[in-house]
Amino acid sequence: MTFDTSLSCAQMLDQQDPLRAFQEEFLFPKHNGEKTIYFCGNSLGLQAKGVKAAINQVLGEWEDQGVESWFKGERPWLKVQERMQGPLAKVVGALSEEVIVMNTLTVNIHLLLGSFYRPTATRFKVLMEAGAFPSDQYAVAAQVSKLGFDPEEAIIEVQPRAGEELLHTEDILAAIQEAGESLALVMLGGINYYTGQFYDLAAITAASHSVGAYAGYDLAHAAGNVPLALHDWEVDFAVWCSYKYLNGGPGGPSGVFLHNRHGNDPNFPRLAGWWGYQENGRFLMRKEFVPSKGAAGLQISTPQMLAFAPHWVSLEVVQKAGVQQMFEKSKRLTGYLEFLLQQLNARGAALHIITPADPSARGSQLSIYFERDGKALFDCITENGVICDWREDNLSLSGGGVIRVAPVPLYNSYQEVYAFIDLIRQYLQIENFS
Ligand SMILES: *Cc1c(COP(=O)(O)O)cnc(C)c1O
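Keep in mind it's a predicted model, so treat the numbers as computed, not measured. (Residues numbered from 1 in each chain as written. Predicted model: local features only at pLDDT ≥ 70, side-chain atom pairs only at ≥ 80, totals over all residues. Heavy atoms only, no water.)

Enquirer: Which parts of the structure should I look at to understand the pattern of salt bridges?
Expert: Pairs may arise between side chains of opposite charge once their charged atoms sit close together. Inspection of the entire model under this criterion finds 15 salt bridges. Note that Asp 17 and Lys 329 form a salt bridge whose closest N and O atoms lie 2.7 Å from each other. Of the two residues, Asp 17 is situated in the loop between helix H1 (7-15) and strand S1 (26-27) and Lys 329 in helix H11 (residues 323-346); the sequence distance between them amounts to 312 residues. For the pair Asp 17 and Lys 329, a shared accessibility class is recorded, and that class is buried. A salt bridge links Asp 171 to Arg 161; its shortest N-O distance comes to 2.8 Å. Taken together, the residues span a long stretch of sequence, with Asp 171 in helix H7 (residues 169-179) and Arg 161 in the loop between strand S8 (155-158) and H7 at a distance of ten residues. Judged by relative accessible area, Arg 161 falls into the partly exposed class, the value being 34%. (Salt bridge = Lys/Arg side-chain N within 4 Å of Asp/Glu carboxyl O. Helix = DSSP H or I, 4+ residues; strand = E, 2+ residues; numbered from the N terminus. Buried < 20%, exposed > 50% of the residue type's maximum accessible area, 1.4 Å probe, protein only.)

Following this line, the structure appears as structure tokens:
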């Protein structure tokens, strides 16, 4: 279907949307008593309506059964991972036993670096993208320093070419080749949080392995946003948070992928804790550690049942919608947003989209910078009941920074995209579309 600038086009797209009813499953923040247009699922996904009941259920089990809740009832807490692993594996393209939910994201970055960053005098470098999310930069630098290396020397940052904002896959691959045997690990954000660029993880993983390095990714902006095939791509490990595109709640638990070739290796070096012990022997409290198979063996601590509850609810919603269907709608919805922005530009708007134009090199987010005064435009958008976000410039752009807009397939509509564009159109005093 081709888009046009009429409101009826947006209405028709909504009518044809197989996921349109899913908006009803979520709770929306209000602005002056009205439902907001929420384009911030890349930062904190919305609350599914079933979350309160799920939390209350855990509270009730705790109240009624106390510690016995771990073993008793229809869904013993001990089996909580079985509830998460199936649906989560589908989201990231993994086998069920290759994923696990535990801790929070940056904590898991440290844990997985603890396993995979084992530098030697000659192989000690880590390759990242310039402008990676700050927590990732801090974590990698801290691990490198802790093991006695100089981050300045050990961390290779792949930069955009002069005058550009995105990375070329060939430049990433060339940097991997150039580092060669000095490279211990490639650690990229799967989708860069600022530009919205989705890297070619299959090619980058293969290149990393060809020089003998591991490939691990922070998929905070990718999990639940774009199709992934972590198992088939032979990615070594990946980590992500549940609270962005997966609607798992503020500070909600993190997900981890560990490829089976590591997960089934009993000698895999891990920072062990009792919850990673084989389930049938965990409570025997033996001295030597016998890890669970798969990613489950990475667990360290007792799962936080109250924090897990919103995540299993949100995974059930994702499962009901179907990941394939979700990603298809996402492409179309973001394509529609891009189309309307281009129509504004054709009428003199000068809104520069940093995010790749190639739909397979991005997810739902478009990062937009507006040369005249991006912050003033952002403030106007906010005052009119649309929630997106503003990120200060880290690419030396004019315009001061970017507006990140992420229409997501589970709870956003084409008419909301239309209303958002209409708001910008009025702000820029561009004459009516139709
Ligand atoms: C959101 C995000 C984080 C946040 O980490 P927390 O430990 O959950 O606070 C880290 N890295 C990336 C790439 C992110 O997008």
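Enquirer: What is the right way to look at the sheet that holds strand S10 (residues 214-218) in this model?
Expert: Strand pairing in a sheet relies on backbone hydrogen bonds. The paired strands run either parallel or antiparallel. Strand order in this open sheet of seven strands is S6-S12-S11-S10-S9-S7-S8, and the pairing throughout is mixed. Of all strands in the sheet, those bounded by a partner on one side alone are strand S6 (99-102) and S8. Ignoring which end each strand starts from, the neighbouring axes of this sheet average 20° apart. Summarising the sheet, strand S9 (residues 183-189) and S10 pair through five bridges and their orientation is parallel. Paired with Gly 189 across the strands is Asp 218, a residue of S10. Sitting on the sheet, helix H3 (residues 80-92) touches S6 and strand S11 (237-241), and the angle it makes with S6 is about 120°. Running over the sheet, helix H5 (residues 134-146) touches strand S7 (125-129), S8, S9 and S10 and is turned about 170° from S7. (Pairing = 2+ DSSP bridges. Axes fitted to C-alpha atoms, helices over the stretch in contact; angles between N-to-C directions. Contact = heavy atoms within 4.5 Å.)

Enquirer: It is not clear to me how the sheet that holds strand S17 (residues 401-405) should be interpreted in this structure. Could you clarify?
Expert: Spatial strand order, S13-S14-S17-S16: four strands in an open sheet with antiparallel pairing. Edge positions in the sheet fall to strand S13 (351-353) and strand S16 (389-392), since each has one partner strand and no second. Neighbour-to-neighbour, the strand axes of this sheet turn through a mean angle of 35°, independent of strand direction.

Enquirer: Looking at this structure, I do not really get the site of the ligand. What am I missing?
Expert: As a structural note, the neighbourhood of the ligand is formed by Leu 105, Thr 106, Phe 133, Asp 136, Asp 218, Ala 220, His 221, Tyr 243 and Lys 244. Here an oxygen atom of the ligand and a side-chain polar atom of His 221 are 3.3 Å apart. Within the complex, 83% of the 390 Å² of free accessible area of the ligand lies under protein. Residue composition of the shell around the ligand, grouped by class: four nonpolar, two polar and three charged. (Near = heavy atom within 4 Å. Polar contact = N/O pair within 3.5 Å; in protein donor to acceptor, adjacent residues only side chain to side chain. Areas by Shrake-Rupley, 256 points an atom, 1.4 Å probe, with all protein chains shown as cover. Nonpolar A, V, L, I, M, F, W, Y, C, P; charged D, E, K, R; others polar.)

Enquirer: Mind showing me how you'd approach a nonpolar patch on the surface here?
Expert: Together, Phe 71, Trp 274, Phe 283 and Met 285 make up a nonpolar patch on the protein surface, roughly 440 Å² of accessible area in all. Tracing the backbone shows Met 285 in the loop between helix H9 (260-263) and helix H10 (305-321). Using a relative accessible area of 57% as the deciding quantity, one classes Met 285 as exposed. (Patch = residues over 30% accessible without salt bridge, like charges linked within 9 Å, V, L, I, M, F, W, Y side chains within 5 Å.)

The values reported here are purely geometric and, on their own, carry no functional implication.
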